[in-house]
Structure formats: structure tokens, C-alpha cells
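Examination of the molecular architecture
Below are the chains, spelled out letter by letter.
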Amino acid sequence: MKIQLSHKFEEIISLENLLAAWQEFINGKRRRLDVSVFTVNLMDNIFSLHYDLLYHRYQSGGYEAFNISDPKPRNIHKASVRDRLLHHAIYRVLYPFFDRTFIADSYSCRLDKGTHKALKQFQNFFYKVSRNDTKVCWALKCDIRKFFASINHDVLINILEESIPDINIRWLLKKIIKSFSSGQDNRGLPLGNLTSQLFVNIYMNVFDQFVKHKIKVKYYIRYADDFVFLSEDKKWLERQINFIKQFLSDRLKLELHPNKLFLKTISSGLDFLGWTNFAEYKILRTKTKKRILKKIRVKSKPSSLASYLGLLKHGNTYKVKQKIINNYWLTKEFG
């Protein structure tokens, strides 16, 4: 039997939790218009949300859609301030519980994790599999097609209910999940929601457990829908592909992206989490390098320069650093 969440609905919707969630939510957002408007009648708005939740009158306020390039185009759906406050209140209670159930090598949207730690572990795993670069190390790299848009609502709700006995928490989570559709019936989570980040990790944790305990992959790293398996046995990795596809399809209603599935040696360079990773070093993707140089030419600021140089310190990027610095000063002088 799975470990059960002991927290109650009343803890999530309590005024104390809503106020604490508000303090976390407004960090860095105080000057935004929608936040300022909500703040004018803050306590009235929080009391209203509390009682709507208490008496099950709560309804989602819908989403504002807009596009970003990060670096590929993404469709973001932004909830109202009222709803985002609630998402923070839910996250404060659910995240610590579910985070304890995740495997160590899941790195997306978790405290003390992130891309840099994932890449460091990737290198550690490489040295273990290759026995300090004396054996060939193979990597099976996979990606899920239209990840956020493909999350099945009913599957997600069933996964949550396995660990959440409180019927009122179940009601609330179902309301939030069903408040959004990607255009496909009963599918999709909005990119940009704090709850969505937690929900997809809970969803994919089912796959992580399958990988670790059923097919027993020792060297496996996942970041959101981007994951990699390392082994010295190429044929063994080849045999796992159908098991992976079948499980994702049958259990989670997901599909591997056919154009983003690679089986190759690390020595030939593996594209993973924004870098091309080799045995002894990693370099920035060509597309990423061109995008950074273009942004520096179009709009240069000291903060942008510092941010890009901070990113580049994590790889072998001396020549790229020099190009960025030169482009920055040329833009400052002649722009």
C-alpha cells in the first residue's frame, strides 16, 4: 500500500496557509498590475477565497494565453492572481509529501535539484559505466511528444487519489486539473502553473518507479519529459525501448517523440539538457550559442551579460565567452 497523505483539506484552505502562500507568491511580483489590484483588498480577497473553498463554491478564473521562446516556442497559460495564490497554498502542503516519494535522479522543479546537478550526475554515471573512460558507454536518450498537452486528466486524478485519502482535497485537485484543456478531450496541463510542475512530477514518478524497479535501470536521469539511460550494453538498451514505449502508452497514455530518440556513445556527443555532452567536457548547443549571440546584438544589458556568462561557466565555453563579450561591447559602442 502506498504512503498516504496525512494532511487535511482544512490545512490547505486555512487563512494561515493562504497568507503564507501569498507572501511566497508576491516575491518579485509586487509591481505587476494584476497583483497590485488584488492587493488593494487583500484580506477581503483572501477571506472570499477561503469561504468559497470551505463551502465548495470555488471555480477557476480561467487562463490568459501567450507565447514565449524558451528557446523553442511555448504556449503559456497564466491563471488569475486568485487562482495562483491557491496553487501556492496547495503546493506548500503537497510538495513536501510527494517529493519524498520521488527517485533521487528526477531533477525538474525540485528543491536542491535542477539542470546543473542533473548534468553533474550524468557525468558521474558516465564514469561509473565506462569505468573511468576505459570502456564504451552507451546512452539511450528519450523525449515525450507534446508532454504537457498530453497529460491525461483521469490517469493523473487516479494517481493522486492513490495517495490522498481526503475526499475534499481530491475534489479541489480535480477542479484545478479539469479547469484546463489542451484542445484534446480530457488532456493537458497549463504550462506556467505551479501545480502543473508538481503534477507532472507525480505523473512521471510512476514511470520512474517502473524504470528503477521493473526494468531495473541503475543509471537513469530524468528532467521533466527528457530522460536518459546509460549502460555499457548497447543491445540491452535496444531491448528496453519497446518496454518503455508500451508502459508509457498503456499506463500513462504518453508517446515517445520518434525524432528525439537516440542511442549513441557518449564519446560521439549526446545532446542533453541544453548541452552536447562528451566524455571529458560539454559544449553549448549550436542553436543555443546562436540564440545568445543574437540576443546580445539585439538587446544588451549588464544583467543579461552576467546571466549568460553564469550559464557558460558550467561548460567548456572559452571561445563562446569571448564572442559574447566582444558582441556585448560592440553593441555598447556602436549600437
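The structure under discussion appears in the preceding block.
Residues numbered from 1 in each chain as written. Predicted model: local features only at pLDDT ≥ 70, side-chain atom pairs only at ≥ 80, totals over all residues. Heavy atoms only, no water.

1. A few points about empty space enclosed by the protein
The line we're drawing: Cavities and pockets were defined on a 1 Å grid built over protein atoms only: a cavity is a set of grid points that admits a 1.4 Å probe from which the probe cannot escape, a pocket is an open set flanked by protein on both sides within 12 Å along at least five of seven lines, and lining residues are those with an atom within 4 Å of any such point. Grid points are joined across faces, edges and corners, and a volume is the space filled by probe spheres set on the points. The numbering of helices and of strands both runs from the N terminus, where a helix is a DSSP run of H or I of at least 4 residues and a strand a run of E of at least 2.
Applying the stated rule across the entire model yields two cavities of 30 Å³ or more. Of the pockets and cavities examined, the largest cavity occupies roughly 50 Å³. Mapped onto the lining of the largest cavity, the elements with two or more residues apiece are α8 (153-163) and α9 (167-177). Ranked by the residues each element gives to the lining of the largest cavity, the list is headed by α9, at four residues.

2. Some details on the sheet that holds strand β6 (residues 262-265)
Here is the rule: The pairing criterion for strands is at least two bridges between them, as found by DSSP. An axis is simply a line fitted to the C-alpha atoms; with a helix, the fit covers only the stretch in contact. Between two such axes, the angle follows the N-to-C directions and lies from 0 to 180 degrees.
Across the sheet, which stays open at both edges, the four strands sit in the order β4-β5-β3-β6 with antiparallel pairing between neighbours. Whereas interior strands pair on both sides, the edge strands pair on one side only; in this sheet they are β4 (220-223) and β6. Between one strand and the next, the sheet's axes are offset by a mean angle of 20°, whatever the strand orientation. As judged from the four bridges shared by β4 and strand β5 (residues 226-231), these two strands associate in the antiparallel manner. Paired with Y223 across the bridge in β5 is D226.

3. A short note on the packing of aromatic side chains
In this description, a pair of aromatic rings is defined by centroid distance and the angle of the planes. What counts, and what does not: Geometry of aromatic contacts follows a simple scheme: Phe, Tyr and Trp rings, the Trp one being its six-membered ring, pair when their centres are within 6.5 Å, and the pair is stacked under 30 degrees between planes, edge-to-face over 60, tilted otherwise. Summary of the burial criterion: residues with accessible area below 20% of their type's maximum are buried, those above 50% are exposed, and those between are partly exposed, where the area comes from a 1.4 Å probe applied to protein chains only. Each ring is checked for a lysine NZ or an arginine CZ that lies within 6 Å of its centre and within 35 degrees of its normal; such an atom marks a charge sitting over the ring.
One pass over the full model with this rule turns up 20 aromatic pairs. Judged by centre distance (4.9 Å) and plane angle (80°), the ring pair of F97 and F98 falls under edge-to-face. The same class applies to F97 and to F98, which are both buried. When the centroid spacing of 5.6 Å and the interplanar angle of 40° are considered together, the rings of F122 and F272 count as tilted. Note that F122 is positioned in helix α6 (residues 115-129) and F272 in strand β7 (residues 270-272), a separation of 150 residues in sequence. Of the two residues, F122 and F272, neither departs from the other in class, the shared state being buried. Three or more aromatic residues joined by ring pairs make a cluster, and in this case those are F207, F210, Y220, F227, F229 and F247. Taking NZ or CZ as reference, K113 lies 5.0 Å from the ring centre of Y107, over its face.

4. So, α8
Under the convention used in this document: Any two residues having at least one pair of non-hydrogen atoms within 4.5 Å are treated as being in contact. Two N or O atoms count as a polar contact when they lie within 3.5 Å, although within protein this holds only if one can serve as hydrogen donor and the other as acceptor, and sequence-adjacent residues are included solely when both atoms are side-chain atoms.
Restricting attention to buried positions, one finds in α8 the residues H153, V155, L156, I157, I159, L160 and S163. Elements in contact with the buried residues of α8: α5 (81-99), α9, α10 (194-213) and α11 (234-252). Where α8 begins, one side-chain oxygen reaches toward the backbone nitrogen of D154, 3.1 Å away; that side chain belongs to N152.

5. Examining the packing of α8 against α10
Quick reminder of the rule: Convention used here: angles under 35 degrees read as roughly parallel, angles over 145 as roughly antiparallel, angles from 65 to 115 as roughly perpendicular, and any remaining angle as oblique. Any residue outside Ala, Val, Leu, Ile, Met, Phe, Trp, Tyr, Cys, Pro, Asp, Glu, Lys and Arg is labelled polar, Gly included; the first ten of those are nonpolar and the last four are charged.
Contact pair α8 / α10: the axes reach a minimum separation of 10 Å and the direction vectors enclose 80°. The orientation of α8 with respect to α10, classified from their angle, is roughly perpendicular. Residues V155, L156, I159 and L160 of α8 pack against F199, I202, Y203 and V206 of α10. Class assignment for the residues of the contact of α8 with α10 results in eight nonpolar, no polar and no charged.

6. Topic: α10
Note the following rule: Helix span is expected to be 1.5 Å times the residue number reduced by one. Take the seven residues that end at a residue and the seven that start at it, fit an axis to each, and the angle between those axes is the bend at that residue.
The end-to-end C-alpha separation of α10 is 29 Å, in line with the 28 Å expected for 20 residues at 1.5 Å each. Of all bends in α10, the biggest is about 30°, found at N205. Within α10, 16 of the 20 residues are buried, which leaves the element mostly enclosed by the surrounding structure.

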